[in-house]
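Working through the structure, step by step
Here's the letter readout for the chains.
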Amino acid sequence: MPHMVPEPYRIKVVEPIHLTTFAEREAILAAAGYNIFFVRSKDVYIDLLTDSGTSAMSDSQWAGLMMGDEAYAFCRNYYSVKDAISDIFGFRNFVPTHQGRAAEKVLFATVVKSGDYVPSNTHFDTTRANIEAVGGHAVDLLIAEGLDPTSHHPFKGNMDVERLKDLVQDVGASKIPLAMLTLTNNSGGGQPVSLANIHAVKDVLSQHGIPLFIDACRYAENIYFIKQREEGYTDKSPLEIAREIFSHADGCTMSGKKDALVNIGGFLAMNDEGIYQRACQLLILWEGFVTYGGLAGRDLEAMARGLWEALDERYLEHRVGQVKYLADRLLERGVPIVEPPGGHAVYLDARRFLPHIPQAQLPGQSLVASLYLKGGIRAVEIGSVMFAHKDEKTGEWQYPELELVRLALPRRVYTQTHLDYVADVIIELYSKREQLHGMRYTYEPPFLRHFTARFEFV
Ligand SMILES: *Cc1c(COP(=O)(O)O)cnc(C)c1O
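The structure contained in this document is the topic of the report that follows. Since the structure is predicted, the reported quantities are computational estimates derived from the model, not experimental observations. Every chain is numbered independently, its residues counted from 1 as its sequence is written. The predicted origin of the model limits local features to residues at a pLDDT of at least 70 and limits the giving and counting of side-chain atom pairs to 80 or more, whereas totals for whole chains, interfaces and linings rest on all residues. Excluded from the side-chain calculations are hydrogens and water; all other atoms, namely the structure's heavy atoms, are used.

Another point: the pairing of strand β5 (residues 179-182). Between buried and exposed lies partly exposed: a residue is buried under 20% and exposed over 50% of the maximum accessible area for its type, with that area taken using a 1.4 Å probe on protein chains only. Secondary structure elements follow DSSP: runs of H or I no shorter than four residues count as helices, runs of E no shorter than two count as strands, and numbering proceeds from the N terminus. Judged by which residues are buried, β5 turns out to be covered on both faces: A179 and L181 on one side and M180 and T182 on the other are all buried. The sheet contact formed by β5 and strand β6 (residues 212-215) spans 4 bridges and is parallel. Bridge pairing in β6 links L181 to I214. In short, DSSP must find at least two bridges between two strands for them to pair.

Here we come to the site of the ligand. Within the structure, the ligand sits among 14 residues, and R101, D215, R218, S255 and K258 are positioned closest to it. R101 places a polar side-chain atom, nitrogen or oxygen, 2.7 Å from an oxygen atom of the ligand. Between N186 and the ligand, the recorded distance is 2.8 Å, taken from a side-chain N or O atom to an oxygen atom. A total of 370 Å² of accessible area belongs to the ligand in isolation, and the protein chains cover 97% of it. For this description, a residue counts as near a given molecule or strand if any of its non-hydrogen atoms is within 4 Å of it. Any pair of nitrogen or oxygen atoms within 3.5 Å is treated as a polar contact; in protein, a donor-acceptor pairing is required on top of that, and neighbouring residues in sequence qualify only through side-chain atoms on both sides. Surface accessibility follows the Shrake-Rupley procedure with a 1.4 Å probe radius. Residue values consider only the protein chains on display as shielding.

In spatial order, the strands read β9-β14-β11; together these 3 strands make up an open sheet with antiparallel pairing. Looking along the sheet, the strands with just one partner apiece sit at the ends: β9 (345-349) and β11 (380-382). Across the sheet, the axes of successive neighbouring strands diverge by a mean angle of 35°, strand direction being ignored. When β11 meets strand β14 (residues 404-408), the two strands line up antiparallel, connected through 3 bridges. Between N-to-C directions, angles span 0 to 180 degrees; the directions come from axes that are lines fitted to C-alpha atoms, helices contributing only their stretch in contact.

Here a salt bridge means any side-chain nitrogen of Lys or Arg lying within 4 Å of a carboxyl oxygen belonging to Asp or Glu. On inspection of all chains with the given rule, the structure shows 27 salt bridges. Salt-bridge contacts for K12 lead to D59; the nearest nitrogen and oxygen are separated by 3.4 Å. Of this pair, K12 sits in the segment before α1 (22-31) while D59 is found in helix α2 (residues 59-66), placing the two residues 47 residues apart along the sequence. Residue classification places K12 among the exposed positions, given a relative accessible area of 65%. The shortest N-O distance in the salt bridge between E221 and R319 comes to 2.9 Å. Remark: R319 occurs in helix α12 (residues 313-332) and E221 occurs in helix α8 (residues 219-229); sequence separation between them is 98 residues. There is no split in this pair, since E221 and R319 are both buried. In the salt-bridge network here, residues are joined through shared partners; they are D51, R218, E221, D259, R319 and R411.

Structure, rendered in structure tokens:
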């Protein structure tokens, strides 16, 4: 039996959730055009659509909301965040933003020129889009193991250092205003980056005077993997490991909706005074004054407290442990998932789950619809609906290599019983998998298809 440490918190406020009947779910899903994004939250029993902005805040964070100082300039909560950033990350300057992508927009508009290159292990989609919006090239340099769903490499989020050297060689350091590392690698399944890799990347960059910025959204989960898997870190505290990671960086972007345990918030931090001054100008234009940046004083306070709570080792052990527990329960029954699981989600491998459904009939989407019909569970397809495209020359459909269904776990929200329920539903579906049918589009929008497409079963 897979093992799980008990929740390191007790429950003080509850939010009722409601399991509809199968007949109700059939009607709800049909009315939504079999697109899970159109199902109302009240009709979902266990919502695993995303871990972003879905955390449960602590009593201390809720108390912090009451301590919001809503002065326009230099409210006290600004200093709570400033102190947390300076203590944990060691950066001298920061600007608050309403979420992660706003920090990215300000950063790239400040430092990236048209025609520049920005390498990363893997850019998250908003990061890539913000680089491309200012005419830059976002380059992914993930190690080969990171793309292999069966590789058990302990740090599948690492950057390929040789490919980084080649890029610097090819385009020249003057065309690379900064490099990034995404901790953990969200688009690559939440896989961690090792401190040895951060070191090696920084070494190459330092030789050419290129700054390193970290996309720190899930840095605390990444720290837990370093502590568990990297030699020499078992006895270090998460805070000590955080300080070591960021001592190699020149700045970071952060979505507080992930590892700052808040429902909204983010920031951009850096040491360089020049970048800070220019970022302040854009911040005032797009987000707000330099000490609130699109957030209320109370939001800043909740984020400052959340930053500290996410470094609690008992919290991290349980958090990363929940993901592993769900993965182990599925693996025990042979359900095909991406291995090893990352820090925030379990990914079902829909091609191996439903080998009788060709990719043209959207096996990932079929699995998402079936999870809802069977158990009121909301997951998200990361496969053909999101990525398949028509080849411009031949007019033929190109399907992605991986056809995944992501089960993202909100932080501190669901208990082990909920996870057991999710595992039982999936195991039951897997035992009757040949009864599941493929799907086809009834409406196929030209862009960002997954948000608005409609489907039916074949
Ligand atoms: C969520 C996320 C972002 C963007 O943050 P938002 O708060 O959603 O704007 C950037 N990078 C990574 C790795 C993320 O997971």
